[in-house]
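A look at the structure
One-letter residues, chain by chain:
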Amino acid sequence: MFSTAHNPNKDHEVSQPPNDSISSLSFSPAADFLVAGSWDNCVRCWEVKQSGTTLQSEPKAEQQHAGPTLSCCWSADGTKVFSGSCDKSVKMWDLNSNSFTQVAAHDAPVKTVNWIQAPNYQCLMTGSWDKTLKFWDTRQAQPMMTINCEERVYASDVIYPVAVSILAGRKVIILNLENQPTVHHTMEPPLRYQLRDISIFKKDGKPAGFGVCSIEGRAAIEPFDNTAANSKDKFTFKCHRSIVSDHHKPQDIYAVNGIKFHPIHGTLATIGSDGKFSFWDKDARTKLKTGEQLDNTITCCDFNHTGTYFAYGSSYDWSKGHEFYNPQQKNYIFIRQVKDELKPRKK
């Protein structure tokens, strides 16, 4: 059962939230600006400020696609926002000039957008339900490169020199971005149901592996180096499931809608259709905290670049079908101050 409270964790409520389900949240890599993509076709931007211990979120601007916005990301300098839409386009929002121009296109809805900042090139990586990953110099009309995938692209993450994407059919593509993007290999993580999100984690400042989550209340940690010495770091864990004291009673298992690693501590957050977020220490294999249950599912999340804020979107994820959709229920974006909650467990 869901709670009756829309904000039981008493986190900051972002003003003027989207009017339909929130599909994507992304903090600027350079400052405390937050953008959200949503099913009302919009991309919105807020400035997040702190006054003493109190947070404030000021709506700055918004732009609109011709169809629902599925994803958004920032350029490395934090001056531009890229958004992918069901209208099959990717647009670049220059926040200085407030211009909104098309920079990429696919033959089906665009599910992922990720900026790649390499020493010798920079480009936008887009993934679509047309079963392609494309790489764009945003000044050119045609892509620099196209990678044909076995299936539709569902989620991607980039930390140079690595990119990862999950596909329908439970496949993960790992790309090497040095010199130019190339497929390093494709693998199938040890999760038996549809994959929902993927996120790269670092060790000693470099990409070391990824976390991936599925619709079956489970996530997996996969190091890139699968030698015997690292095999102990590879595991799956259950999450976003109801607590059942009587083993004769069924357990409710929820989709894990998002997984994100903390930029400083390397700990992680998961969010689910159960209306909860949880924080985890993967190295100690322990849960650090679970939030109180919201009255709606949590669809997306992100940490700011300093790791002090955790944003999460509360809106219906359609996991229970159209009969559970309540058009009167509002959508919310919450920002939680997480200074110490994601510190690793002491050894």
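As shown above, the structure is provided for reference.
Residues numbered from 1 in each chain as written. Predicted model: local features only at pLDDT ≥ 70, side-chain atom pairs only at ≥ 80, totals over all residues. Heavy atoms only, no water.

1. Quick notes on the overall build of the protein chain
If you tally the helices and strands in the protein chain, you get zero helices and 28 strands. In terms of overall size, the protein chain behaves like a compact globule, its C-alpha atoms giving a radius of gyration of 19 Å where 347 residues would be expected to give roughly 20 Å. Seen through its C-alpha atoms, the protein chain measures out along the principal axes to roughly 60 × 50 × 45 Å. Sorting the 347 residues of the protein chain into buried and exposed places 54% on the buried side. Across the protein chain, the fraction of contacts at a sequence separation of at least 24, relative to all contacts at a separation of at least 6, is 46%. Accessible surface, the protein chain: about 15,800 Å² in total, of which carbon and sulfur atoms supply 47%. Positive and negative side-chain charges of the protein chain, numbering 39 and 37 respectively, have mean locations separated by a distance of 4 Å. (Helix = DSSP H or I, 4+ residues; strand = E, 2+ residues; numbered from the N terminus. Rg over C-alpha atoms; globule rule 2.2 N^0.38 Å. Buried < 20%, exposed > 50% of the residue type's maximum accessible area, 1.4 Å probe, protein only. Contact = heavy atoms within 4.5 Å. Areas by Shrake-Rupley, 256 points an atom, 1.4 Å probe, with all protein chains shown as cover. Lys, Arg positive; Asp, Glu negative; His and termini not counted. Charge placed at Lys NZ, Arg CZ, Asp CG, Glu CD.)

2. Concerning the sheet that holds strand β22 (residues 256-261)
Here we have four strands laid out as an open sheet, ordered β22-β23-β24-β25, and antiparallel in their pairing. Taken across any chain shown, the strands that pair with only one partner, and hence form the sheet edges, are β22 and β25 (286-290). Each strand of the sheet is rotated relative to its neighbour by a mean of 25°, with strand direction disregarded. Pairing between strand β23 (residues 268-272) and strand β24 (residues 277-281): four bridges, direction antiparallel. Its bridge partner being in β24, Ala269 is matched across the sheet by Phe279. (Pairing = 2+ DSSP bridges. Axes fitted to C-alpha atoms, helices over the stretch in contact; angles between N-to-C directions.)

3. Structural notes on the packing of aromatic side chains
Scanning all chains against the criterion turns up 16 aromatic pairs. Seen from their ring centres, Phe277 and Phe310 are 5.7 Å apart, and the 65° between their planes marks the pair as edge-to-face. You can see Phe277 sitting in strand β24 and its partner Phe310 sitting in strand β27 (residues 309-314), a full 33 residues away along the chain. For the pair shown, Phe277 and Phe310 are each scored as buried. With a centroid separation of 5.1 Å and an interplanar angle of 45°, the aromatic rings of Phe303 and Phe310 are classed as tilted. There is no split in this pair, since Phe303 and Phe310 are both buried. Every member of this aromatic cluster is reached through a ring pair, and the members are Phe277, Phe279, Phe303, Phe310, Tyr312, Tyr332 and Phe334. In this arrangement the basic side chain of Arg285 is found over the ring face of Phe235, its NZ or CZ atom lying 4.0 Å from the centre. (Phe/Tyr/Trp six-rings, centres within 6.5 Å; stacked < 30°, edge-to-face > 60°. Lys NZ or Arg CZ within 6 Å of the ring centre and 35° of its normal.)

4. A look at the nonpolar core
The biggest cluster of nonpolar side chains holds 17 residues, and the ones touching the most others in it are Ile116, Met125, Leu133, Phe135, Leu175 and Leu177. The next biggest cluster of nonpolar side chains, apart from the first, holds 16 residues, and it includes Ala155, Val172, Ile174 and Ile198. (Core = buried A, V, L, I, M, F, W, Y, C linked by side-chain atoms within 4.5 Å.)

5. Examining the sheet that holds strand β6 (residues 69-74)
Paired through their backbone hydrogen bonds, the strands of a sheet run either parallel or antiparallel. Here we have four strands laid out as an open sheet, ordered β6-β7-β8-β9, and antiparallel in their pairing. Of all strands in the sheet, those bounded by a partner on one side alone are β6 and β9 (99-105). Put simply, the sheet's adjacent strands are angled 25° from each other on average, direction ignored. Bridge count between strand β7 (residues 80-85) and strand β8 (residues 89-94): five bridges; the pairing is antiparallel. Looking at the pairing, Ser83 lines up with Lys91 of β8.

6. With respect to the side chain of His262
For His262, the location among the structural elements is in the loop between β22 and β23. Within polar-contact distance, the side chain of His262 engages the backbone oxygen of Gly307 at 2.8 Å. Setting aside its immediate chain neighbours within four residues, His262 contacts Thr267, Leu268, Phe303, Gly307 and Leu342. (Polar contact = N/O pair within 3.5 Å; in protein donor to acceptor, adjacent residues only side chain to side chain.)

7. Examining the environment of Pro223
By the secondary structure assignment, Pro223 is in strand β20 (residues 218-223). Judged by relative accessible area, which is 7%, Pro223 ranks as buried. Between the C-alpha atom of Pro223 and that of Thr290, which follows or precedes it by 67 residues, the distance is 25 Å.

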